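Per-entry structural report
Residue-level listing of the chains:
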Amino acid sequence: MDRNQAIAKLIAYALEKQLIQPEEKNWAVNTLLELLELDGCALPEIPVGEQIDLPAVLDALLDDAYERGVLKENSIVYRDLFDTKLMGALTPRPAQVIEKFNTLYRQSPKEATDWYYQFSQDTNYIRRDRIARDVQWKTMTEYGELDITINLSKPEKDPKAIAAARNLPASNYPRCQLCAENEGYAGRVNHPARQNHRIVPITINGSPWFLQYSPYVYYNEHCICLNREHVPMKIDRACFGKLLDFVRQFPHYFVGSNADLPIVGGSILAHDHFQGGHYTFAMEKAPVETPVCFAGFDDVQAGIVKWPMSVIRLNGEDPQRLIDLADRILTSWRSYTDREAMILAETDGEPHNTITPIARRRGECYELDLVLRNNLTTEEHPLGLYHPHAELHHIKKENIGLIEVMGLAVLPARLKAELAALAEKRPNFRVIFSDSVKQWITASDKIFIWMSTAIAEVYFAGKGCRILRPVPIEHEYDPVIYKGAQYVTSYEEFAAAMADPQPPFPIAREVIESGHSVIYFSASMLFDTLSRNAFDIKRQDNLDYLYNDLYNCDLLVIDDLGTEQSTPFSLSHLFTVLNERIKR
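Conventions we followed
Residues numbered from 1 in each chain as written. Predicted model: local features only at pLDDT ≥ 70, side-chain atom pairs only at ≥ 80, totals over all residues. Heavy atoms only, no water. Helix = DSSP H or I, 4+ residues; strand = E, 2+ residues; numbered from the N terminus. Rg over C-alpha atoms; globule rule 2.2 N^0.38 Å. Buried < 20%, exposed > 50% of the residue type's maximum accessible area, 1.4 Å probe, protein only. Patch = residues over 30% accessible without salt bridge, like charges linked within 9 Å, V, L, I, M, F, W, Y side chains within 5 Å. Areas by Shrake-Rupley, 256 points an atom, 1.4 Å probe, with all protein chains shown as cover. Salt bridge = Lys/Arg side-chain N within 4 Å of Asp/Glu carboxyl O. Axes fitted to C-alpha atoms, helices over the stretch in contact; angles between N-to-C directions. Parallel < 35°, antiparallel > 145°, perpendicular 65-115°, else oblique. Left-handed = near helix turned anticlockwise from the far one by under 90°. Contact = heavy atoms within 4.5 Å. Nonpolar A, V, L, I, M, F, W, Y, C, P; charged D, E, K, R; others polar. Core = buried A, V, L, I, M, F, W, Y, C linked by side-chain atoms within 4.5 Å. Pairing = 2+ DSSP bridges. Phe/Tyr/Trp six-rings, centres within 6.5 Å; stacked < 30°, edge-to-face > 60°. Polar contact = N/O pair within 3.5 Å; in protein donor to acceptor, adjacent residues only side chain to side chain.

Some remarks on the overall build of the protein
Helices and strands together make up the secondary structure of the protein, namely 20 helices and 20 strands. Taken against the 2.2 N^0.38 rule, which gives 25 Å for 584 residues, the C-alpha radius of gyration of the protein at 26 Å falls within 12% of a compact globule. Each of the three principal axes of the protein carries a C-alpha extent, and together these read 75 × 65 × 55 Å. For the protein, with 584 residues in total, the buried portion stands at 47%.

Following this line, the structure appears as structure tokens:
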């Protein structure tokens, strides 16, 4: 793709995504020419409806700018600064974005956030191509299905950028990466560019805040609410009021706050903020296992949640009553000490007890989960007695913040490289992230499985297999195919299984070959697969086969339906699939 084609495609993209209007085309072209230090161009016609690969277009412009000396360094930090400047030139002004959001909000809060989330992707503020690199999977536990991700979307700084940042004069602007002053900021080698970033003012519990999305999107519609003022995080009565008022205004979102103490808090404690979004975490699905009654609060349902942390759940129709009870629990927990259990409210005047609160709507009711936290350190555990201990730091050493508390483990990018290095050293160790389940089954000599329905693939591949069950799985989560299977439940049984060259298959042949066909997709994966095939003429055969399977399989499972980005395309194809299955 040459320079003229890239400019033409970027303009066509901006028009298609309604970042600019047709009357602004000449202005947009000239603005790009100025940034690219060009005197003119001859733009080819781009066919209407052509699918435009934005990262490829930007890469072509950046490569050309580097060859001509306009882009001084060709590293990811400098390229990010420059392509954000290009996209910023095509991004509507803040007032236009706010007006559009407010207009849609008056129709429906969900319509407003749907548009704003899509807009934040279309401007390349959320870099979809990088988010797609993240390694994501789910694992079943006794507490439900937990999410795990290896985050690869945050760019790593190169040595030249690090050296340049060291020589920069100290800057206090913006004061942090959450401050409202980031909107439109050009960035520098030690601070990301944000010319294509737009924030929306909101009022929660009577105080001025802003709404934006995280550029790294750990889950669907991962939003951030930030205080207009640069003030520290604080968990108090007012915090509970703000959280519940937010879900009143945006009932399709949850919202939570990191704790306000080091170790148990998030990475930014200096700026008051919340995180929310349109996603159902395992914690939300976890049941109350021990009901609790609080005197004077008969109208509030309360209980201890079945979760690996200490969680008190409050549910009721009146948010003010939840605020009153949550404040009473926080006050009690702040001063609670149990020396035998090594729970100390404070040492030498330093407080240790706080709460990680999460708010959501359940139908017409309001709900608060209060996660009790303690950041006590000892000589043996200097990073926290209740933080993962040193033997687990090779996996993750960072804080266990709000997102991890709810059931999403965000693991560092180094793990992918470390696993790849291990695979190079050990010929019998393979790491397969992107290949199909069939491929890793074929590549494996011994297969140990937890509860995946891929065990049927193992059977038909003629491989030996053992089912690991050190912890039982509740029947509603366990696939039917595992009923009556033989399990490995202890280390001794595991050692014996490893030594057995030809273990018997743990599920009866009659169960495996019962003849029922099942297709499983997460909602986001299904619609992504359909869209990739629908808009590529070379994949029409694939699309036909896929639809045939979706229409005719005995059981179609679409997981997490409703948490995906809703678009006319996804709704149309969902209704088509459902309608065809009903007719057949």
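On we go from here.
Section: a nonpolar patch on the surface
Taken together, the side chains of Leu 571, Phe 575, Leu 578 and Ile 582 present a nonpolar region at the surface, about 420 Å² in accessible area. Looking at where Leu 578 falls in the secondary structure, it is placed in helix H20 (residues 568-583). Its relative accessible area of 37% is what places Leu 578 among the partly exposed residues.

Considering the packing of helix H1 (residues 3-16) against helix H2 (residues 25-36)
Direction vectors running N to C along H1 and H2 enclose 135 degrees, while the axes themselves pass 11 Å from each other. With respect to H2, the element H1 is oriented oblique. At the point where H1 passes H2, the crossing takes the right-handed sense. Facing H1, whose interface residues are Ile 7, Leu 10, Ile 11 and Leu 15, H2 presents Lys 25, Ala 28, Val 29, Leu 32, Leu 33 and Leu 36. In terms of residue class, the contact of H1 with H2 is made up of nine nonpolar, no polar and one charged.

A short note on the nonpolar core
In this structure, Leu 10, Leu 211, Phe 246 and Leu 314 are the most contacted members of the largest nonpolar core, which totals 83 residues. Ranked by size, the runner-up nonpolar core spans 20 residues in total, among them Tyr 218, Tyr 219, Met 283 and Met 406.

Notes on the sheet that holds strand E18 (residues 487-488)
With parallel pairing, three strands are arranged side by side in an open sheet as E16-E17-E18. Every interior strand has two partners, whereas the edge strands, strand E16 (447-449) and E18, have only one. With three bridges connecting them, E16 and strand E17 (residues 465-468) associate as parallel partners. Bridge pairing links Ile 449 to Ile 467 in E17.

As for the packing of aromatic side chains
Using the criterion set out here, one finds 19 aromatic pairs in the structure. Here Phe 448 and Phe 494 contribute two aromatic rings whose centre-to-centre distance is 5.1 Å and whose plane-to-plane angle is 55 degrees, an arrangement assigned as tilted. Residue Phe 448 is found in strand E16, and its partner Phe 494 is found in helix H16 (residues 491-499); the two are separated by 46 residues along the sequence. Note on Phe 448: relative accessible area 26%, which makes it partly exposed.

Quick notes on the pattern of salt bridges
Counting across every chain of the model gives 27 salt bridges. When salt bridges with common partners are traced through the structure, they connect Glu 284, Arg 313, Arg 360, Arg 362, Glu 367 and Asp 369 into a single cluster.

Description of the sheet that holds strand E2 (residues 144-150)
Here three strands make up an open sheet; going across it, the order is E1-E2-E15 and the pairing mixed. The strands lining the two open edges of the sheet, one partner per strand, are strand E1 (135-141) and strand E15 (408-411). Shown here is a sheet whose adjacent strand axes are inclined to one another by a mean of 20 degrees, direction ignored. In this structure, E1 lies alongside E2, joined through seven bridges in antiparallel fashion. Looking at the pairing, Gln 136 lines up with Thr 149 of E2.

As for the side chain of Asn 375
Mapped onto the elements of the fold, Asn 375 is located in the loop between strand E14 (365-374) and helix H12 (402-406). A polar contact of 2.9 Å, which involves the side chain of Asn 375, links it to the side chain of His 352. Residues within four places of Asn 375 in sequence aside, it is in contact with Leu 261, Pro 262, Ile 263, Val 264, Pro 351 and His 352.

Here we look at the environment of Thr 356
Residue placement: Thr 356 occurs in strand E13 (residues 353-362). Separated by 121 residues in the primary sequence, Thr 356 and Ile 235 place their C-alpha atoms 8.0 Å from one another. In this view, Thr 356 contacts Ser 257, Ala 259, Val 264, Asp 369, Leu 370, Val 371, Arg 373, Leu 402 and Val 405; residues no more than four positions away in its chain are not counted. Separated by 2.9 Å, the side chains of Thr 356 and Arg 373 make a polar contact.

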